[in-house]
Amino acid sequence: MEIVAGLTDALTRPRSAHAPNVWAPLQEQNWHTRFEDQNYTATSPDQSAWMQYRQDADGSAMWWTGAKDKQGNGWTAYFTPNTPMHLVQAFSAELAGPDPVMRPRGRVPHSAQIRTWSVSVKPSQLSAWQQARITAARAATWARNSARSTRPRTTALPYTPAGGARTRH
């Protein structure tokens, strides 16, 4: 859920002037990377998640990513070449993110790979956290959209002679 939220949050942020690097967030979290044939793969330190750039002999390419626990529970996702790279990078950053996630008691899948601990969070605190996230996303979108509408015109208006007189040919 947090990975998808990170991806959708990226839709509200302005794009960087620099080319996105999908592999950087993974490498920062010590993911193992390797190049085989036309495929480049990064695997999490515990081997439970991966992200791969696949290119077939015919030149078609895609991003393939997923996770699986020792019991076989997991998921996969695919990104086509049409997916904007800054969104693929946002996804990889969330995939590799080390921050813990909150889940209600009893809503965590049983797995030897998942470590849990209890914290006391009042419903009002959780609601405030969710509202702060929504407000930040809306503010970022508003700021980006208002910046677009106040930009100076980059194309010249058509020339009209003084007095507005037009001549016929």
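Residues numbered from 1 in each chain as written. Predicted model: local features only at pLDDT ≥ 70, side-chain atom pairs only at ≥ 80, totals over all residues. Heavy atoms only, no water.

Caption draft 1: Quick peek at the overall build of the chain. Secondary structure assignment for the chain yields 4 helices and 5 strands. Counting from the amino terminus, the chain carries its helices and strands in the arrangement α-α-β-β-β-β-β-α-α. Considering the chain as a whole, with its 169 residues, one finds that 24% of them fall into the buried category. Sequence separation of 24 or more characterises 45% of the internal contacts of the chain that already satisfy a separation of 6 or more. Total accessible area on the chain is roughly 13100 Å²; 54% of this is exposed by carbon and sulfur atoms. (Helix = DSSP H or I, 4+ residues; strand = E, 2+ residues; numbered from the N terminus. Buried < 20%, exposed > 50% of the residue type's maximum accessible area, 1.4 Å probe, protein only. Contact = heavy atoms within 4.5 Å. Areas by Shrake-Rupley, 256 points an atom, 1.4 Å probe, with all protein chains shown as cover.)

Caption draft 2: Examining the nonpolar core more closely. If you look at the biggest cluster of nonpolar residues, it comprises 16 residues, and the most contacted ones within it are L26, W31, M51, W63, F91 and L95. Elements represented by at least two residues in this core include exactly α2 (23–28), β3 (49–55), β4 (61–68), β5 (74–79) and α3 (85–96). Here the element with the most residues in this core is α3; it accounts for 4 residues. If sequence neighbours within four positions are ignored, W63 has contacts with V22, W23, M51, Q52, Y53, A77, Y78, F79, M85 and V88. (Core = buried A, V, L, I, M, F, W, Y, C linked by side-chain atoms within 4.5 Å.)

Caption draft 3: Representation of the environment of F91. One can find F91 in helix α3. The spacing of F91 and I3 is 88 residues in sequence and 6.2 Å in space, taken between C-alpha atoms.

Caption draft 4: Quick look at the environment of R34. Residue placement: R34 occurs in strand β1 (residues 32–36). Along the chain, R34 and Q52 lie 18 residues apart, while their C-alpha atoms are 9.6 Å from each other. Separated by 3.1 Å, the side chains of R34 and E36 make a polar contact. Side-chain polar atoms of R34 contact the side chain of T43, separated by 3.2 Å. (Polar contact = N/O pair within 3.5 Å; in protein donor to acceptor, adjacent residues only side chain to side chain.)

Caption draft 5: View of a nonpolar patch on the surface. A surface patch of nonpolar side chains, about 360 Å² in accessible area, is lined by V119, V121, L126 and W129. With respect to the helices, strands and loops of the structure, V119 is situated in the loop between α3 and α4 (123–149). (Patch = residues over 30% accessible without salt bridge, like charges linked within 9 Å, V, L, I, M, F, W, Y side chains within 5 Å. Salt bridge = Lys/Arg side-chain N within 4 Å of Asp/Glu carboxyl O.)

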